[in-house]
Amino acid sequence: QKEVEQDPGPLSVPEGAIVSLNCTYSNSAFQYFMWYRQYSRKGPELLMYTYSSGNKEDGRFTAQVDKSSKYISLFIRDSQPSDSATYLCAYLGGSARQLTFGSGTQLTVLP
Amino acid sequence: SQTIHQWPATLVQPVGSPLSLECTVEGTSNPNLYWYRQAAGRGLQLLFYSVGIGQISSEVPQNLSASRPQDRQFILSSKKLLLSDSGFYLCAWRWGAAGNTIYFGEGSWLTVV
(Lines give C-alpha, C1' and ligand atoms only; values in the text may rest on other atoms or scores of the structure.)
Protein backbone atom coordinates (compact mmCIF):
# COMPACT_ATOMS: atom_id res chain seq x y z
CA GLN A 1 0.00 0.00 0.00
CA LYS A 2 1.35 3.39 -0.95
CA GLU A 3 1.75 5.87 1.87
CA VAL A 4 -0.16 8.53 -0.03
CA GLU A 5 -2.82 7.71 -2.62
CA GLN A 6 -4.17 10.40 -4.89
CA ASP A 7 -6.98 10.39 -7.43
CA PRO A 8 -5.05 10.47 -10.73
CA GLY A 9 -7.62 12.27 -12.80
CA PRO A 10 -7.45 13.83 -15.27
CA LEU A 11 -10.15 16.20 -14.10
CA SER A 12 -11.82 18.70 -16.40
CA VAL A 13 -14.24 21.37 -15.12
CA PRO A 14 -15.83 24.54 -16.50
CA GLU A 15 -14.61 27.93 -15.36
CA GLY A 16 -16.22 28.99 -12.08
CA ALA A 17 -16.76 25.44 -10.81
CA ILE A 18 -15.76 24.25 -7.36
CA VAL A 19 -12.98 21.70 -7.60
CA SER A 20 -12.32 19.01 -5.03
CA LEU A 21 -8.95 17.22 -5.06
CA ASN A 22 -8.41 14.34 -2.69
CA CYS A 23 -5.75 12.12 -1.16
CA THR A 24 -5.69 9.37 1.41
CA TYR A 25 -2.76 8.43 3.59
CA SER A 26 -1.89 5.33 5.55
CA ASN A 27 0.16 6.42 8.56
CA SER A 28 -1.78 8.01 11.38
CA ALA A 29 1.45 9.60 12.67
CA PHE A 30 1.57 11.99 9.70
CA GLN A 31 1.01 15.54 10.81
CA TYR A 32 2.18 18.02 8.18
CA PHE A 33 0.41 17.95 4.85
CA MET A 34 1.11 20.03 1.80
CA TRP A 35 -0.50 20.82 -1.49
CA TYR A 36 1.70 21.79 -4.42
CA ARG A 37 0.70 23.08 -7.83
CA GLN A 38 2.86 22.16 -10.78
CA TYR A 39 2.54 23.76 -14.18
CA SER A 40 3.82 21.87 -17.17
CA ARG A 41 7.62 21.61 -17.21
CA LYS A 42 7.98 23.68 -14.05
CA GLY A 43 8.96 22.92 -10.48
CA PRO A 44 6.17 22.37 -7.91
CA GLU A 45 4.96 25.50 -6.17
CA LEU A 46 3.81 25.29 -2.56
CA LEU A 47 0.12 26.23 -2.33
CA MET A 48 -0.78 25.41 1.23
CA TYR A 49 0.28 23.37 4.18
CA THR A 50 -1.74 22.22 7.14
CA TYR A 51 -0.90 20.73 10.47
CA SER A 52 -3.03 17.94 11.85
CA SER A 53 -6.81 18.07 11.47
CA GLY A 54 -8.94 20.97 10.39
CA ASN A 55 -9.34 23.49 7.62
CA LYS A 56 -7.07 26.20 6.33
CA GLU A 57 -8.24 28.82 3.90
CA ASP A 58 -6.23 31.06 1.59
CA GLY A 59 -8.23 33.05 -0.91
CA ARG A 60 -9.99 30.66 -3.26
CA PHE A 61 -8.18 27.64 -1.81
CA THR A 62 -9.16 25.59 1.22
CA ALA A 63 -7.11 22.67 2.53
CA GLN A 64 -8.84 20.16 4.76
CA VAL A 65 -7.43 17.32 6.83
CA ASP A 66 -9.61 14.62 8.37
CA LYS A 67 -7.36 12.48 10.55
CA SER A 68 -10.15 10.13 11.56
CA SER A 69 -10.53 8.96 7.97
CA LYS A 70 -6.93 9.76 6.91
CA TYR A 71 -8.22 11.97 4.15
CA ILE A 72 -6.85 15.28 2.87
CA SER A 73 -8.59 17.55 0.41
CA LEU A 74 -7.99 20.73 -1.51
CA PHE A 75 -10.98 22.79 -2.61
CA ILE A 76 -10.72 25.46 -5.26
CA ARG A 77 -13.61 27.91 -5.47
CA ASP A 78 -14.43 29.91 -8.59
CA SER A 79 -11.88 27.94 -10.59
CA GLN A 80 -10.02 29.79 -13.34
CA PRO A 81 -8.26 28.58 -16.49
CA SER A 82 -5.00 29.66 -14.80
CA ASP A 83 -5.66 26.96 -12.19
CA SER A 84 -5.07 24.32 -14.87
CA ALA A 85 -2.10 22.36 -13.58
CA THR A 86 -1.15 19.17 -11.79
CA TYR A 87 -1.87 19.22 -8.06
CA LEU A 88 0.28 17.15 -5.75
CA CYS A 89 -0.51 16.25 -2.17
CA ALA A 90 2.37 15.40 0.15
CA TYR A 91 3.23 14.79 3.76
CA LEU A 92 6.37 15.83 5.56
CA GLY A 93 8.07 13.15 7.58
CA GLY A 94 10.75 10.51 7.67
CA SER A 95 14.30 10.63 8.98
CA ALA A 96 15.23 13.73 6.98
CA ARG A 97 11.84 15.35 7.09
CA GLN A 98 11.46 14.84 3.39
CA LEU A 99 8.28 15.04 1.39
CA THR A 100 6.45 11.96 0.23
CA PHE A 101 4.14 12.74 -2.66
CA GLY A 102 0.98 11.41 -4.16
CA SER A 103 1.11 10.79 -7.90
CA GLY A 104 -0.70 14.04 -8.72
CA THR A 105 -4.06 15.01 -10.23
CA GLN A 106 -4.10 16.81 -13.55
CA LEU A 107 -6.74 19.55 -13.58
CA THR A 108 -8.01 21.44 -16.61
CA VAL A 109 -10.35 24.40 -16.16
CA LEU A 110 -12.15 25.15 -19.39
CA PRO A 111 -12.95 28.79 -20.25
CA SER B 1 14.09 36.42 0.65
CA GLN B 2 15.24 32.98 -0.27
CA THR B 3 15.72 31.78 -3.82
CA ILE B 4 16.85 28.53 -5.33
CA HIS B 5 18.65 28.26 -8.64
CA GLN B 6 19.04 25.10 -10.65
CA TRP B 7 20.87 24.54 -13.93
CA PRO B 8 21.00 23.60 -16.68
CA ALA B 9 17.28 23.81 -17.37
CA THR B 10 17.35 21.33 -20.24
CA LEU B 11 19.93 18.91 -21.53
CA VAL B 12 20.17 16.01 -23.93
CA GLN B 13 22.96 13.56 -23.22
CA PRO B 14 24.04 10.33 -24.94
CA VAL B 15 24.01 7.04 -23.08
CA GLY B 16 27.27 6.53 -21.22
CA SER B 17 28.09 10.22 -20.90
CA PRO B 18 28.61 11.96 -17.54
CA LEU B 19 26.12 14.24 -15.85
CA SER B 20 26.37 17.20 -13.54
CA LEU B 21 23.35 19.18 -12.33
CA GLU B 22 23.91 22.04 -9.94
CA CYS B 23 21.69 23.74 -7.40
CA THR B 24 22.33 26.72 -5.16
CA VAL B 25 20.18 28.35 -2.52
CA GLU B 26 20.41 32.03 -1.58
CA GLY B 27 19.20 33.89 1.46
CA THR B 28 19.50 31.14 4.04
CA SER B 29 22.16 29.17 5.84
CA ASN B 30 22.45 25.50 6.73
CA PRO B 31 19.42 24.42 4.73
CA ASN B 32 18.39 20.82 4.25
CA LEU B 33 18.80 20.07 0.55
CA TYR B 34 17.07 17.47 -1.59
CA TRP B 35 17.19 15.98 -5.09
CA TYR B 36 13.96 14.53 -6.44
CA ARG B 37 13.25 12.91 -9.80
CA GLN B 38 9.94 12.97 -11.61
CA ALA B 39 9.55 10.47 -14.44
CA ALA B 40 6.96 11.18 -17.12
CA GLY B 41 3.44 10.79 -15.76
CA ARG B 42 4.66 9.74 -12.33
CA GLY B 43 5.09 11.25 -8.91
CA LEU B 44 8.21 12.67 -7.34
CA GLN B 45 10.81 10.27 -6.03
CA LEU B 46 13.37 11.33 -3.45
CA LEU B 47 16.91 10.53 -4.61
CA PHE B 48 19.25 12.22 -2.11
CA TYR B 49 19.10 14.53 0.84
CA SER B 50 21.70 16.44 2.79
CA VAL B 51 21.57 18.02 6.23
CA GLY B 52 25.02 19.63 5.99
CA ILE B 53 28.26 20.00 4.05
CA GLY B 54 29.59 16.62 2.99
CA GLN B 55 26.59 14.79 4.50
CA ILE B 56 24.68 12.90 1.84
CA SER B 57 22.03 10.23 2.27
CA SER B 58 20.77 8.15 -0.61
CA GLU B 59 17.20 6.93 -0.77
CA VAL B 60 17.36 4.91 -3.98
CA PRO B 61 20.36 2.82 -5.15
CA GLN B 62 21.29 3.78 -8.70
CA ASN B 63 24.13 5.08 -10.81
CA LEU B 64 23.64 8.65 -9.60
CA SER B 65 25.54 10.38 -6.82
CA ALA B 66 25.25 13.68 -4.98
CA SER B 67 27.69 16.01 -3.31
CA ARG B 68 27.46 19.10 -1.14
CA PRO B 69 30.78 20.93 -1.36
CA GLN B 70 29.41 24.14 0.17
CA ASP B 71 26.60 24.97 2.57
CA ARG B 72 24.20 26.15 -0.11
CA GLN B 73 25.37 24.11 -3.07
CA PHE B 74 24.08 20.68 -4.03
CA ILE B 75 25.29 18.73 -7.06
CA LEU B 76 23.81 15.66 -8.74
CA SER B 77 26.22 13.59 -10.84
CA SER B 78 26.60 10.46 -12.85
CA LYS B 79 29.67 8.92 -14.42
CA LYS B 80 27.72 7.04 -17.09
CA LEU B 81 24.12 7.83 -17.92
CA LEU B 82 21.53 5.19 -18.70
CA LEU B 83 18.39 5.61 -20.79
CA SER B 84 16.38 5.11 -17.61
CA ASP B 85 17.96 8.23 -16.09
CA SER B 86 15.80 10.42 -18.31
CA GLY B 87 13.40 12.57 -16.34
CA PHE B 88 12.77 15.84 -14.59
CA TYR B 89 15.20 16.50 -11.75
CA LEU B 90 14.23 18.87 -8.99
CA CYS B 91 16.34 20.41 -6.29
CA ALA B 92 14.59 21.53 -3.13
CA TRP B 93 15.43 23.09 0.23
CA ARG B 94 14.01 23.35 3.72
CA TRP B 95 14.89 25.51 6.71
CA GLY B 96 17.22 23.41 8.91
CA ALA B 97 15.66 21.10 11.44
CA ALA B 98 12.65 23.27 12.24
CA GLY B 99 11.32 23.94 8.77
CA ASN B 100 7.97 22.46 7.92
CA THR B 101 7.81 23.34 4.25
CA ILE B 102 9.99 22.45 1.30
CA TYR B 103 10.59 24.72 -1.69
CA PHE B 104 11.54 23.59 -5.16
CA GLY B 105 13.67 24.94 -7.94
CA GLU B 106 12.52 25.15 -11.53
CA GLY B 107 13.92 21.76 -12.42
CA SER B 108 16.22 20.27 -15.03
CA TRP B 109 14.88 18.23 -17.90
CA LEU B 110 17.26 15.42 -18.82
CA THR B 111 16.82 13.31 -21.93
CA VAL B 112 19.27 10.46 -22.38
CA VAL B 113 19.47 9.30 -26.00
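To start, this report covers the structure provided alongside it. (Residues numbered from 1 in each chain as written. Chains lettered and ligands numbered in written order. Predicted model: local features only at pLDDT ≥ 70, side-chain atom pairs only at ≥ 80, totals over all residues. Heavy atoms only, no water.)

Let's talk about the overall build of chain B
Heads up, the rule is: Each helix is a run of DSSP H or I of at least 4 residues and each strand a run of E of at least 2, with the numbering of both proceeding from the N terminus. Radius of gyration here is computed from C-alpha atoms only, and the compact-globule reference equals 2.2 Å multiplied by the residue count raised to the power 0.38. A simple rule labels every residue: compare its accessible area, found with a 1.4 Å probe on the protein chains alone, to the largest value its type can have, and call it buried under 20%, exposed over 50%, or partly exposed in between.
Within chain B one finds 0 helices and 11 strands. Element order for chain B, N to C, with α for helix and β for strand: β-β-β-β-β-β-β-β-β-β-β. The C-alpha radius of gyration of chain B comes to 13 Å, within 12% of the 13 Å expected for a compact globule of 113 residues. For chain B, the spread of C-alpha atoms along the three principal axes comes to 40 × 25 × 20 Å. For chain B, with 113 residues in total, the buried portion stands at 49%.

Observations concerning the overall build of chain A
Here is the rule: Contact between two residues is taken to exist if any of their heavy atoms lie within 4.5 Å; hydrogens are not considered. Only the protein chains shown count as cover for residues, with accessible areas throughout obtained via the Shrake-Rupley method and a probe of 1.4 Å.
Within chain A, the regular secondary structure consists of 0 helices and 11 strands. When the elements of chain A are put in sequence order from the N terminus, they spell out β-β-β-β-β-β-β-β-β-β-β. For chain A, the C-alpha radius of gyration of 13 Å lies close to 13 Å, the compact-globule estimate for 111 residues. In chain A, buried positions account for 44% of the 111 residues. Expressed as a percentage of contacts within chain A between residues at least 6 apart in sequence, the contacts between residues at least 24 apart total 52%. When the accessible area of chain A is evaluated, it comes to approximately 5300 Å², of which 47% is carbon and sulfur surface.

Quick look at the sheet that holds strand β3 (residues 19–25) of chain A
Residue and element names in this part refer to chain A. The line we're drawing: At least two bridges found by DSSP between two strands is the condition for calling them paired. Note on geometry: axes are lines fitted to C-alpha atoms, helical ones only across the stretch in contact, with angles between N-to-C directions running from 0 to 180 degrees.
Sheet architecture is open: 5 strands sit in the order β1-β3-β8-β7-β6, paired in antiparallel fashion. Looking at which strands have only one partner, the edges of the open sheet turn out to be β1 (4–6) and β6 (54–58). Mean inter-strand twist for the sheet, computed between neighbouring axes without regard to direction, equals 15 degrees. Taken together, the 5 bridges between β6 and strand β7 (residues 61–66) define a ladder with antiparallel strand orientation. In the strand pairing of β7, Asp58 is matched with Phe61.

Brief notes about the pattern of salt bridges
In plain terms, the rule: Basic side-chain nitrogens of Lys or Arg form a salt bridge, by our definition, when they fall within 4 Å of a carboxyl oxygen of Asp or Glu.
Per the stated rule, a full pass over the model turns up 6 salt bridges over all chains. Salt-bridge contacts for Glu57 of chain A lead to Arg77 of chain A; the nearest nitrogen and oxygen are separated by 3.4 Å. Separated by 20 residues along the polypeptide, Glu57 of chain A in strand β6 and Arg77 of chain A in the loop between β8 (71–76) and β9 (85–93) bring together distant segments of the chain. Ionic pairing is found between Arg68 of chain B and Asp71 of chain B, a salt bridge with its closest N-O pair at 3.3 Å.

Some points on the interface of chain B and chain A
The parts lose accessible area when they come together, and the size of an interface is often stated as this lost area. This is how it is decided: Buried area is calculated as the accessible area (1.4 Å probe) missing from two parts once they are joined, with the contributions of both summed. In protein, a polar contact requires one atom able to donate a hydrogen and another able to accept it; more generally it is a pair of N or O atoms within 3.5 Å, and residues adjacent in sequence count only if both atoms are side-chain atoms.
Contact with chain B, which involves 22 residues of that partner, is made by 20 residues of chain A. Buried surface at the junction of chain B and chain A, both sides included, amounts to about 1700 Å², of which 57% is carbon and sulfur. At the boundary of chain B with chain A, the tally comes to 1 salt bridge. With a shortest N-O distance of 3.9 Å, Lys42 of chain A and Glu106 of chain B are connected by a salt bridge. Our count for the chain B to chain A interface comes out at 4 residue pairs in polar contact (both at pLDDT 80 or more). In terms of residue count, strand β4 (residues 32–38) of chain B provides more of the side of chain B that touches chain A than any other element does, 4 residues in total.

So, the sheet that holds strand β8 (residues 73–78) of chain B
Residues and elements named next belong to chain B. Within the open sheet, the 4 strands sit side by side as β1-β3-β8-β7. Their pairing is antiparallel. Two strands close off the open sheet at either side, each with one partner strand: β1 (3–7) and β7 (64–70). Along the sheet, successive strands turn relative to each other by an average axial angle of 15 degrees, direction set aside. Pairing analysis gives 5 bridges linking β7 to β8, with the strands arranged antiparallel. Looking across to β8, one finds that Ser65 is bridged to Ser77.

Brief notes about unusual backbone geometry
All names here are of chain B. A cis geometry characterises the amide bond from Trp7 onward to Pro8, with omega recorded as -5 degrees. If you check the backbone angles, Asn30 has positive phi at about 50 degrees while not being a glycine. Mapped onto the secondary structure, Asn30 falls in the loop between β3 (19–26) and β4.

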